[in-house]
Amino acid sequence: MDTATWEALRELAMQAMECAYAPYSRFKVGAAALVDDGRFVSGCNVENAGYGVALCAECGLVSELVRTGGGRLVAFVCVDGRGEPCSPCGRCRQVLSEHAHPSMLLAMPSGLKTIDEVLPDRFTSADMDWVSATTSGDRP
Ligand code: THU
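Quick caveat, the model's predicted, so the values are computed rather than measured.

> Looking at this structure, I do not really get the overall build of the chain. What am I missing?
Each helix and strand counted, the chain has five helices and five strands in total. When the helices and strands of the chain are placed in sequence order, the string is α-β-β-α-β-α-β-β-α-α. Along the first, second and third principal axes, the C-alpha set of the chain runs to 50 × 40 × 30 Å. Counting over 140 residues, the chain shows a buried share of 38%. Put simply, of all contacts in the chain between residues at least 6 apart along the chain, 56% involve residues at least 24 apart. Accessible surface, the chain as shown: approximately 8,000 Å² in total, 54% of it carbon and sulfur.

Written out as structure tokens, the structure is:
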């Protein structure tokens, strides 16, 4: 992917970050991604007085992805309030992986990484295949 597209993703992530609702942590996050059909999607974190129910920026991004037609994420950028790359939390890596193109690149603080590199041996729908192969779903 070319530099201009990465820059456009970073700009979109910055715009999303400015929209963040983070009065409790004061840690604003913006995420943006390119979809395999050329669409761009983005999201920001939305906190809550019930701290544990805060929504990460990646959740908003994936919600927009699904709402606007789905598809596979091919490139992903996440920024903090300074505009520096932000590392997606473990839960968000799992959330993103469900919708990731196998070759998706994530702009991590340590550089460009694939989803396999940031979440190796992850749980996927394939791990549940044995259930449909049995009649009851009970342990064989
Ligand atoms: N946060 C995200 O939005 N994405 C991540 O992957 C890491 C953490 C948010 C959640 C919370 O609003 C704030 O950053 C501090 O944890």
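> Sorry if this is basic, but what is going on with the packing of aromatic side chains here?
For any pair of aromatic rings, geometry is given as the distance between the ring centres together with the angle between the planes. Per the counting criterion, the structure on display carries one aromatic pair. Centroid distance tyrosine 24 to tyrosine 51: 5.4 Å. Interplanar angle 40 degrees. Geometry classified as tilted. Of the two residues, tyrosine 24 is situated in the loop between α1 (3–18) and β1 (30–35) and tyrosine 51 in the loop between β2 (40–44) and α2 (57–67); the sequence distance between them amounts to 27 residues. What makes tyrosine 51 exposed here is its relative accessible area of 60%.

> Can you walk me through the sheet that holds β2 in this structure?
Each strand in a sheet pairs with another by means of backbone hydrogen bonds, the pair being arranged parallel or else antiparallel. Strand order across the open sheet formed by five strands is β2-β1-β3-β4-β5, with mixed pairing between neighbours. At either margin of the open sheet sits one strand with a lone partner, and together these are β2 and β5 (111–114). With strand direction ignored, the average angle separating the axes of adjacent strands in the sheet is 20 degrees. The pairing of strand β4 (residues 100–108) with β5 spans four bridges and is antiparallel. Residue pairing for β5: methionine 108 is matched across the bridge by glycine 111. Its contacts with the sheet place helix α3 (residues 90–97) against β3 (73–79) and β4, and it is angled at close to 145 degrees to β4.

> Just checking my understanding: could you explain α1 for this structure?
Owing to its 3.6 residues per turn, the α-helix aligns residues three or four sequence positions apart on the same side. For α1, spanning 16 residues, the distance from its first C-alpha to its last is 23 Å, which sits close to the expected 22 Å at 1.5 Å a residue. Buried within α1 we find Thr5, Trp6, Leu9, Ala13, Met14, Ala16 and Met17.

> Would you take a moment to explain the nonpolar core for this structure?
General note: in soluble globular proteins, nonpolar side chains tend to be found buried as a group. The biggest cluster of nonpolar side chains holds 20 residues, and the ones touching the most others in it are Val41, Leu61, Leu73, Phe76, Leu96, Met104 and Leu106. Looking at this core, the elements that each hand over two or more residues are β1, α2, β3, β4 and α4 (115–118). Contacts of phenylalanine 76, omitting those with residues within four sequence positions, involve Trp6, Ala31, Ala32, Ala33, Glu58, Leu61, Pro88, Leu96, Met104, Leu105, Leu106 and Ala107.

Thresholds, definitions, all that
- Residues numbered from 1 in each chain as written.
- Predicted model: local features only at pLDDT ≥ 70, side-chain atom pairs only at ≥ 80, totals over all residues.
- Heavy atoms only, no water.
- Helix = DSSP H or I, 4+ residues; strand = E, 2+ residues; numbered from the N terminus.
- Buried < 20%, exposed > 50% of the residue type's maximum accessible area, 1.4 Å probe, protein only.
- Contact = heavy atoms within 4.5 Å.
- Areas by Shrake-Rupley, 256 points an atom, 1.4 Å probe, with all protein chains shown as cover.
- Phe/Tyr/Trp six-rings, centres within 6.5 Å; stacked < 30°, edge-to-face > 60°.
- Pairing = 2+ DSSP bridges.
- Axes fitted to C-alpha atoms, helices over the stretch in contact; angles between N-to-C directions.
- Expected span 1.5 Å × (residues − 1).
- Core = buried A, V, L, I, M, F, W, Y, C linked by side-chain atoms within 4.5 Å.

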